[in-house]
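Examining the three-dimensional arrangement
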Amino acid sequence: MTTVESSLSVSLDRLAQAAARPAENVEALKTIVARVHSRLKVQDVHTRMDTLSCLVSSEKMALDYLVRVIEHCRDPPLVGSVCALLHDALSPSNKGDLRNTVIQTCLSLNAAEVILRTLKALAAEGLAAVDPCIHPAYQVLAKLASKDPKLAVKARLVGGVKLTHQLLQAHMKNCVPLLPLLMVTKYLAKNSTNQVMLGKDGCVTTLVAILSSVPKTHWAKVKFIMETLALLTKAKSNVIRLVRETGLQRVLSILDAWEKIERRHQVKVIKGILGTLSHMCDSKHGRKAVVALNGVEITQRFIQSCPADKKFDNNLANATNVFLKCISKGELPVSSSWGAFTFQVPNREGSETSSDRSREATPGVDMDSSDEEAEEEIEDEEEDFELSQDFKGIDLASDYCPQKPRMEELVKLAHLFPELFNFRIASGTRFKEVVVPIRRGALNDVIPESHNERYIRASDCTRSIINFVKVAYPDMVGARGPNHLEELYEKDRRVCRNKAIATVERVLHPEVYMERVVYDLDYLLESEHSRRLITPSSNNSRSLGNWDEKRVGKRDVSVQHLNFESRFESGNLRRVIQASNTEYDLILNADVNSSHHHQWFYFEVSNMEAHTPYVFNIINNEKPNSEFNYGMKPVMFSVREAIKGRGAWVRTGTDICYHKNHYSRIPKSHDNVRFKKSVNKCYYTATFTVTFPHAYDVCYLAYHYPYTYTQLQAYLNKQDSIERASDIFYSNQSLCHTLNGNPVPLLTITTKENVKEKEVVFLTARVHPGESNASWVMEGILDYLLTDTAASRLLLQNFIFKIVPMLNPEGVIHGNQRCGLTDEDLNRRWRSPNPSLHPSIYNAKSLLEYLTSISKQKVRVFCDLHGHSRQKNVFMYGCSRLQSWWLGDKEFLDHPDFMLLPRLAQSCMATFSLRDCHFQIERARESTARVAVWRQFEIPMSYTMEASTCGCDQGPYKNYHLSPKQLQESGEGFCVSLSYLISTPEVLNSRLRLNSDSDDDHDDDDDHGGAGSDSDSGGE
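Residues numbered from 1 in each chain as written. Predicted model: local features only at pLDDT ≥ 70, side-chain atom pairs only at ≥ 80, totals over all residues. Heavy atoms only, no water.

1. Structural notes on the sheet that holds strand β17 (residues 759-765)
- Across the sheet, which stays open at both edges, the 7 strands sit in the order β15-β16-β18-β17-β19-β21-β20 with mixed pairing between neighbours. Sheet topology places β15 (728-737) and β20 (874-877) at the edges, where each strand pairs with a single neighbour. Across the sheet, the mean angle from the axis of one strand to that of its neighbour is 20 degrees, orientation sign disregarded.
- Pairing of β17 with strand β19 (residues 859-868) involves 6 bridges; the strand directions are parallel. (Pairing = 2+ DSSP bridges. Helix = DSSP H or I, 4+ residues; strand = E, 2+ residues; numbered from the N terminus. Axes fitted to C-alpha atoms, helices over the stretch in contact; angles between N-to-C directions.)

2. Looking at the side chain of Lys-470
- Inspection of the secondary structure puts Lys-470 in the loop between α25 (451-459) and α26 (473-476).
- Judged by its relative accessible area of 6%, Lys-470 falls in the buried class.
- A polar side-chain atom of Lys-470 sits 2.9 Å from a polar atom in the side chain of Asp-548.
- Here Glu-604 takes part through its side chain, which lies 2.4 Å from a polar atom of the side chain of Lys-470.
- Contacts of Lys-470, omitting those with residues within four sequence positions, involve Leu-544, Gly-545, Asn-546, Asp-548, Arg-551, Glu-565, Arg-567, Phe-568, Glu-604 and Tyr-700. (Buried < 20%, exposed > 50% of the residue type's maximum accessible area, 1.4 Å probe, protein only. Polar contact = N/O pair within 3.5 Å; in protein donor to acceptor, adjacent residues only side chain to side chain. Contact = heavy atoms within 4.5 Å.)

3. Describing the pattern of salt bridges
- Considering all chains together, one arrives at 36 salt bridges under this definition.
- Two residues, Arg-567 and Glu-565, come together in a salt bridge whose shortest N-O distance is 2.8 Å. Taken individually, Arg-567 and Glu-565 each receive the classification buried, so the pair is uniform in this respect.
- Through salt bridges that share partners, Lys-470, Asp-548, Arg-551 and Glu-604 make up one connected network. (Salt bridge = Lys/Arg side-chain N within 4 Å of Asp/Glu carboxyl O.)

4. Some details on the packing of aromatic side chains
- Scanning all chains against the criterion turns up 29 aromatic pairs.
- Ring centres of Phe-568 and Tyr-602 lie 4.9 Å apart, and the angle between their planes is 75 degrees; on these two criteria the pair is classed as edge-to-face. Placement of Phe-568 in the loop between β5 (563-565) and β6 (575-580) and of Tyr-602 in strand β8 (residues 602-606) is noted, with a sequence separation of 34 residues between them.
- In textbook terms, an aromatic cluster arises when at least three aromatic residues are bridged by ring pairs, as seen for Phe-564, Tyr-584, Phe-601, Phe-603, Tyr-614, Phe-616, Phe-628, Phe-688, Phe-692 and Tyr-703.
- Its end group placed over the ring of Tyr-513, Arg-506 keeps NZ or CZ at 4.5 Å from the ring centre.
- Cation over ring: Lys-752 sits above Phe-423, and NZ or CZ is 5.7 Å from the ring centre. (Phe/Tyr/Trp six-rings, centres within 6.5 Å; stacked < 30°, edge-to-face > 60°. Lys NZ or Arg CZ within 6 Å of the ring centre and 35° of its normal.)

Below you can see the structure in the form of structure tokens.
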């Protein structure tokens, strides 16, 4: 040990002794701290690092003693000296693990809380008593604040919020401590309670005063003032204060002269200004003030002059957002915000719908409130408001454990369990009595039925509430995705920038756009001409067909625009407005009986020129973000390509962007307000450019690979006609009928031996019609189970599979996104489904109740298949008692198997991401299938499995879209995962260990994020 190192060691030993009684050893501590601090300030890097190493040494515990000195000493100069030492120890110049260790040690010692408590005690004698230590103390607080997410709450509890503002007022003109005080104030203002507290305490007035007096060259201070105001104005009361204190003028003047801001602070200062303006515009009072002070013109000038530099992209987007909030919004150019067609729901004549009741029962909602941060929560609040009302004051234990099971009703379901009654399928219970017409050739050979014929025949049995005019060609020919992988789209920031500017220009100069309606579903459904065209001439239903091949290559000379059509199964396109020769605004249809849920689209387009870029703007999306911003492309099918033998859905599009537009989401005056909090909301535009390879082709565009109800029927008809081995049992029965009379299929698959000893795997899918990827995963599962292999036999020998492959046929048939015919999310009805309004849910749940109450068979796995529109990969949601919102759940330990299937899936499915899974039980999800089944039937392995509509960001398919091929592979991998449930403990543990090793390898990858909560609203 060198002499210098020995001297440092001695100093630290003396520090330990003196820190035991700091009040009695003030002068000695000052000397010791000064010596140690001097070593941290030397130029020699090695000396500084050696000193830092000694400070963080667990043997010396120097940081512990320094924090103890601050906590127990009331000498301001000594507190300042210790804080100055800590500040230099936390300096970014000390790079590497040592600095991180200092930070983590200070956090573990609650150093920030200790400092605030000490400052509060010193300030009891007057604020002047704090002056000797205020600067270094707040320097340390500023460095720790960014690392301690709970500091804002801790500070409030010890009186640090009010103290910080008092010190800020006292040192408004003192440049030395002002900057760290502003930095800490910003972090304290991140808490909503602190925002209100600081506002009441006059912090807005203080910041405006500082902003007016601070020298123009002190842009760092201006930056923190702007960032703090952006946080404080989240509270509407502070918006009023900012207007009253005339601070808004100063804010706008800085934005108007933004080029004068020091270059290194430009981006953050402007970001703070735009954040403040955005929150101002969320209230009528603030919006009126911004407009009155020419805020719209100033924002417009910034948008037009915003630098093309990438670092300004977010500011441009925020400025566009402010502009759109300020202007007078246009109504969506449709006759009503409600969908183009409705359905008369039984037992609701003359009565309000459940959604009407939920609209009118929304108490205490601020009409002006529309914080941007809350925007993603609005659609979940709309869907779950009624549910949250239901859960006030109930006892979940008694609610889910009725004393008298409804045995008499359940025994009537025996016919849906033929496997328990000698495999006899009762007459009239089959999903469809299949009669396959036999065709014979010239040599009397049997000619197998083609997919086209099978699909057309199945479509004859599909009932719809409007008359379709055709069968979509891709569905008829059984189109799938390509055999090759398709890369995710790399977002072009310049495109998004140009789209933002174009949005503003379109508002300012609407006269340059054509605004010509070229497709109007409302008119087609109502006009006499349309009725003659699509209504059968007799009461007998007529077969639909497709004539696209005859139309290919033929130009419609009667018009000078693209032609559109969506009147086919699963189609969704309500109106098309031609904006220019090659640009079209598209409006999607709402779910039946609804004014909401716009996302799924599927339509035909024809009469195009080859190699001409056509821009499609879907202008009434509701979600505030989309995978279109993160690599997803829509899908396209070309009939001409199919004629050439290349008939497949392919990802298409360039210049893809998803952004806010100027169309208001306020319903028409004659419509009910669905949810008052959505007032002042805008719709969002999904825009993409398609260059068609062939002239006068017939093409189809869709949000995702379609999978219709008729396609499921055709698939099941094919499976029904296959002759199986004598020991394999497969039945296709009708679970129930939908409100419009379409049968809901129920499949039972197993082998015929030891049936009553087998466990049950219960699978459901497609409760949300816009999640067509769930059906592709389900088809992969069915293919695996119904292909006679040793692996599938092993599963069937050990499990009975009860499968409802499509819970919501009506939503699928009519191109809905989330609901059926009743404007209700059926995956919010599992807790107490209505047998009349929710027959598929009611009967599927009754099957589970029959299994647990009558046949006494264990349901090993329940899984509900979904698609997710704002998350990549395939992943699961499960149920953990320890992560439940209800305290009663936490009284018991989790079942050891609650994570088992996701862990197995991680090693069996190339698309699966265990890190994106979560197991929270949220109050608003109590009526989902996953939670209701877990809770009522005590099935620990109850899951929702989500498949991305986009692609993967990990694994072998990283940065590629998921096509039907990969989705079906995921279904097969799911079955492989199930097979490990019947393996020996040694094999199972080996597979789980392999999975753990794989997770360790992935830890070195880029951070892919997590699914967070299923309230993300893309799936469950």
